[in-house]
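Structural features, examined
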Amino acid sequence: MTIKYLIQKELLQIRRNAFLPKLIFVFPVMIMCVMPWVMNQEVKNIRVSVVDNDRSTFSRHLIQSISQSNNFAIYAQRPTYGQALQDVEKSQADIVIVVPPRFGHDIAVGQMPQLLIAANAVNGTKGSIGSSYLTQIVTAQVYPQTVEIQSKVSTLFLYNKNLDYKVFMIPALLAVVMMLMCGFLPALNIVGEKETGTIEQINVTPVPKSAFILAKLIPYWFIALFIVTVCLVLAWAIYGITCTGPLWLVYLLTMLLALFFSSFGLLISNYSNTLQQAIFVMWFFVVCLMLLSGLFTPTRSMPSWAYLTTYINPMHYFIDAVRTVFVRGGHLASVAHQITALTGFAILMGIWAVLSYKKNA
């Protein structure tokens, strides 16, 4: 019965806090409503400076085709390449395309004129993909026989037929919300009681350490269930994206991740003496775990030494598993490896959180 009253105490503390209940509701709503639009690696609105040295019907038709694309916007037409390059140097344009003289004439007589495409590759992804998109438009206008060959090759997109980046990001955003909410809040819990002095009242009681830590963890598991439900409802209501696989697997993975991060937060809280110390230590680990998890980029693109860190990164296992279930419709057998790893991490961290708490602190 002791743990029952300890849980009631934790729930009352959360409810009486003027800020936490609002944060628990508003934070996942903001993440799901804003981040899928902002955290988007699709390349759009690429600004192009054009140097038309031909001024023929063919060159004007090419420029019009570029401007009509959803990926490009004509920034300006410059008389020389040097002036167009200045637009790139001032970050006013992303790509320069130079149409050579006699461009239209060469096409009319059956020759293959060459155009210059100069892309700003400071952002390598934007530069490479933007120049590739522009090359496709030029090829369609200048070398139609190549397009005829390509049209005979069909591509089948699996699991995400519309190539919508939100389908890729929304399951991963569940991990971000769980990590921040179920990690930071417990990390500030015990250390906050240390600063206010209320932890001494618990230390002088015969409450076992395991019961005390468990009572600290359980409320955040309820918060995790609430958060994932809100996120799933918003994904369906706003974006029309629903879980393809079993929904209970998403909840199982969420609870395992919540157990890990809530235990990890309490572990940091046990070793910290001030709120500032706990925040900075937690932020250090959160950033490292997030950037090395495959949240934004494929982990296979990492150097081999960095890829080895994914084997001890619970975020990587969760993101891989939840995308398998949510997007690809995987079942229990498809994510058994990830579930086993998350269970091991969660149990290990929970035991460490109990053992690290010292009642004589």
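Refer to the structure above for everything that follows.
Let me begin by describing the structure that accompanies this report. Quick caveat: nothing in here was measured; it's all calculated off a predicted structure. Throughout, residues of each chain are indexed from 1 in the direction in which the sequence is written. Local features in a predicted model are, by the rule used here, given only for residues with pLDDT of at least 70; side-chain atom pairs are given and counted only at 80 or more, and totals for whole chains, interfaces and linings are based on all residues. Think of the side-chain values as coming from all heavy atoms in the structure, minus any hydrogens and water.

Thoughts on the nonpolar core
- Core analysis: the largest hydrophobic core is formed by 70 residues, its most contacted members being Leu253, Leu257, Phe261, Met282, Met315 and Phe318.
- Note on conventions: DSSP H or I runs of at least 4 residues are helices, E runs of at least 2 residues are strands, and numbering of each starts at the N terminus. Elements with a contribution of two residues or more to this core: helix H2 (20–38), helix H8 (165–187), helix H11 (209–239), helix H12 (247–271), helix H13 (275–291), helix H15 (314–326) and helix H16 (336–356).
- Here the element with the most residues in this core is H8; it accounts for 17 residues. As used here, the term nonpolar core means buried Ala, Val, Leu, Ile, Met, Phe, Trp, Tyr and Cys residues forming a set that is joined through side-chain atoms within 4.5 Å. Exposure classes here rest on a 1.4 Å probe applied to the protein chains alone. A residue is buried below 20% of its type maximum, exposed above 50%, and partly exposed in between.

Brief notes about the sheet that holds strand S3 (residues 95–99)
- One open sheet holds the four strands; their spatial order is S2-S1-S3-S4, and the pairing between them is mixed. A single partner strand is all that each edge strand has here, and the edge strands are strand S2 (72–77) and strand S4 (116–119). Going from strand to strand, the sheet's axes swing by 25° on average, the running direction of each strand aside.
- Relative to S4, S3 runs antiparallel, the two being bridged by four bridges. Note: two strands are recorded as paired if DSSP finds a minimum of 2 bridges between them. Fitted lines through C-alpha atoms serve as axes, helices being fitted only where they are in contact, and the angles separating the N-to-C directions of these axes extend from 0 to 180 degrees.

Thoughts on H12
- The length a helix should cover is 1.5 Å for every residue beyond the first. Its 25 residues give H12 an end-to-end C-alpha distance of 37 Å, which sits within 8% of 36 Å, the value for a rise of 1.5 Å per residue.
- Counting buried positions along H12 yields 18 of 25 residues, so the element is predominantly enclosed.

Examining the pattern of salt bridges
- We count a salt bridge whenever a side-chain nitrogen from Lys or Arg sits within 4 Å of a carboxyl oxygen from Asp or Glu. This model, assessed by the stated rule, comprises two salt bridges.
- Where Arg47 meets Asp94, a salt bridge forms, and the shortest distance between an N and an O atom there is 3.7 Å. Within this pair, whereas Arg47 is found in strand S1 (residues 46–52), its partner Asp94 is found in the loop between helix H4 (81–89) and S3, the two being separated by 47 residues in sequence.
- A residue is classified by how much of its surface remains accessible, and Arg47, at 32% relative accessible area, is partly exposed.
- The closest approach of N and O atoms between Asp87 and Arg78, which form a salt bridge, is 2.8 Å.
- Note on Arg78: relative accessible area 27%, which makes it partly exposed.

Points about the side chain of Thr254
- By the secondary structure assignment, Thr254 is in helix H12.
- Aside from chain neighbours lying at most four places away, what touches Thr254 is Met178, Ala224, Val228 and Phe318. Whether two residues are in contact is decided by their heavy atoms, any of which lying within 4.5 Å being enough.

Side note on helix H1 (residues 2–16)
- The first and last C-alpha atoms of H1 sit 21 Å apart over 15 residues, in line with the 21 Å expected at 1.5 Å per residue.
- Turning to H1, its buried residues are Leu6, Ile7, Glu10 and Ile14. Here the buried residues of H1 occupy an arc of 100° about the axis, which is enough to place them on one side. Seen from the buried face of H1, the exposed residues on the opposite side, beyond 90 degrees, are Arg15 and Arg16. Starting at the helix axis, one direction is taken to each C-beta atom, and the arc is that of these directions.

Some details on unusual backbone geometry
- Even without glycine at this site, Arg55 takes up a positive phi of about 55°.
- Relative to the helices and strands, Arg55 resides in the loop between S1 and helix H3 (57–68).
- Judged by its relative accessible area of 59%, Arg55 falls in the exposed class.
- You will see that Ser91, though not glycine, has its phi angle at about 60°, which is positive.
- Here Ser91 shows up in the loop between H4 and S3.
- Owing to a relative accessible area of 48%, Ser91 belongs among the partly exposed residues under this scheme.

Concerning the packing of aromatic side chains
- Working definition: a ring pair exists when centres of Phe, Tyr or Trp rings (six-membered ring for Trp) sit within 6.5 Å. Plane angles under 30 degrees give stacked, over 60 give edge-to-face, the rest tilted. For the coordinates displayed, the defined rule picks out 10 aromatic pairs.
- The interplanar angle of 80° and the centroid separation of 5.0 Å between the aromatic rings of Phe260 and Phe261 together place this pair among those described as edge-to-face.
- Taking 5.8 Å as the distance between ring centres and 80° as the angle between the ring planes, the aromatic pair formed by Tyr307 and Tyr311 counts as edge-to-face.
- The exposure class of Tyr307 is buried, given its relative accessible area of 17%.
- The class for Tyr311 is partly exposed, based on a relative accessible area of 48%.
- Each residue in the set Phe260, Phe261, Phe264, Phe284, Phe285, Tyr317 and Phe345 is aromatic and connected to the rest through ring pairs, giving one cluster.
- Directly above the aromatic system of Phe168 lies the positively charged group of Arg323, at a separation of 3.5 Å from the ring centroid. For a Lys NZ or an Arg CZ to count as sitting over a ring, it must be within 6 Å of the ring centre and within 35 degrees of the ring normal.

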